[in-house]
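Chain by chain, the residues run as shown.
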Amino acid sequence: MTDKILSGACENKAPSLTEILIQSKDIAWRPKSLAGVHEKMLWRDDSTGASIALIKFEKGVGIPQPHLHASNQFMFCLEGHYEYTATGVTLKPGCFYCNPKGNVHGPTIAHEETVVVEIYDGPHYPVRPSWYTNDEDAQ
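In this text, all values refer to a predicted model and were calculated from it rather than measured experimentally.

What counts and what doesn't
- Along each chain, numbering runs from 1 in the same order as the chain's sequence is written.
- Note on the predicted model: pLDDT of at least 70 is required for a residue's local features to be given, and 80 or more for side-chain atom pairs to be given and counted; whole-chain, interface and lining totals, by contrast, use all residues.
- Note: side-chain values were computed over all heavy atoms of the structure, leaving out hydrogens and water.
- The pairing criterion is simple: DSSP has to find at least two bridges between the two strands.
- Secondary structure is summarised from DSSP: a helix means a run of H or I of at least four residues, a strand means a run of E of at least two, and numbering begins at the N terminus for each.
- Each Phe, Tyr or Trp ring, with Trp reduced to its six-membered ring, pairs with another whose centre is within 6.5 Å; inter-plane angles below 30 degrees give stacked pairs, above 60 give edge-to-face pairs, and intermediate values give tilted ones.
- Accessible area is worked out with a 1.4 Å probe on protein chains only. A residue is then buried under 20% of its type maximum, exposed over 50%, and partly exposed in between.

Enquirer: I'd like a rundown of the pairing of strand S7 (residues 108-120), residues and numbers included.
Expert: Sheet topology places strand S3 (residues 51-57) next to S7; seven bridges connect them, and they run antiparallel. Of the residues in S7, the one forming a bridge with Lys 56 is Val 115. Looking at chain direction, strand S4 (residues 73-84) and S7 are connected through ten bridges and run antiparallel. Across the sheet, His 81 pairs through a bridge with Glu 112, a residue of S7.

So this is what it looks like as structure tokens:
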């Protein structure tokens, strides 16, 4: 990954350090192959699969099937209302959610447009889920 990424109104006060600084509003939402799901990738470690991204779900959209992850998944809800329908677990602004590696969860639905910070400490899925039509969307 690039040593320094400077963007927008953010200012790097310590230019001699290896840091990443991103103004997320300057990054376009990338549509995923599951209609209504978008991402802004903030950081990825290609050697481990770990990543930090903003994920946006349009109202009425969600993950259609129960599934598990190949690493721990963490989400912090910035805006919206997002529900794991099988369990009733609901994310609203300020909610932190953790799903441990190998735990089956889902399906989900966004009751309103929802944006979360999503963090994986390793690869996202053991295999590409059926709702994605390309490998990039499952990373």
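Enquirer: How would you summarise the packing of aromatic side chains if you had to cite specific residues and measurements?
Expert: Summed over the entire model, instances satisfying the criterion amount to four aromatic pairs. Relative to Tyr 84, the ring of Tyr 82 lies with its centre 5.7 Å away and its plane at 85°, an arrangement referred to as edge-to-face. Across the pair, Tyr 84 and Tyr 82 agree in class, each one buried. Note on Tyr 84 and Tyr 97: the rings are 4.8 Å apart at their centroids and 20° apart in plane angle, and the pair reads as stacked. Note that Tyr 84 is positioned in strand S4 and Tyr 97 in strand S6 (residues 96-99), a separation of 13 residues in sequence. Taken individually, Tyr 84 and Tyr 97 each receive the classification buried, so the pair is uniform in this respect.

Everything listed here is a matter of geometry and, on its own, says nothing about what the molecule does.
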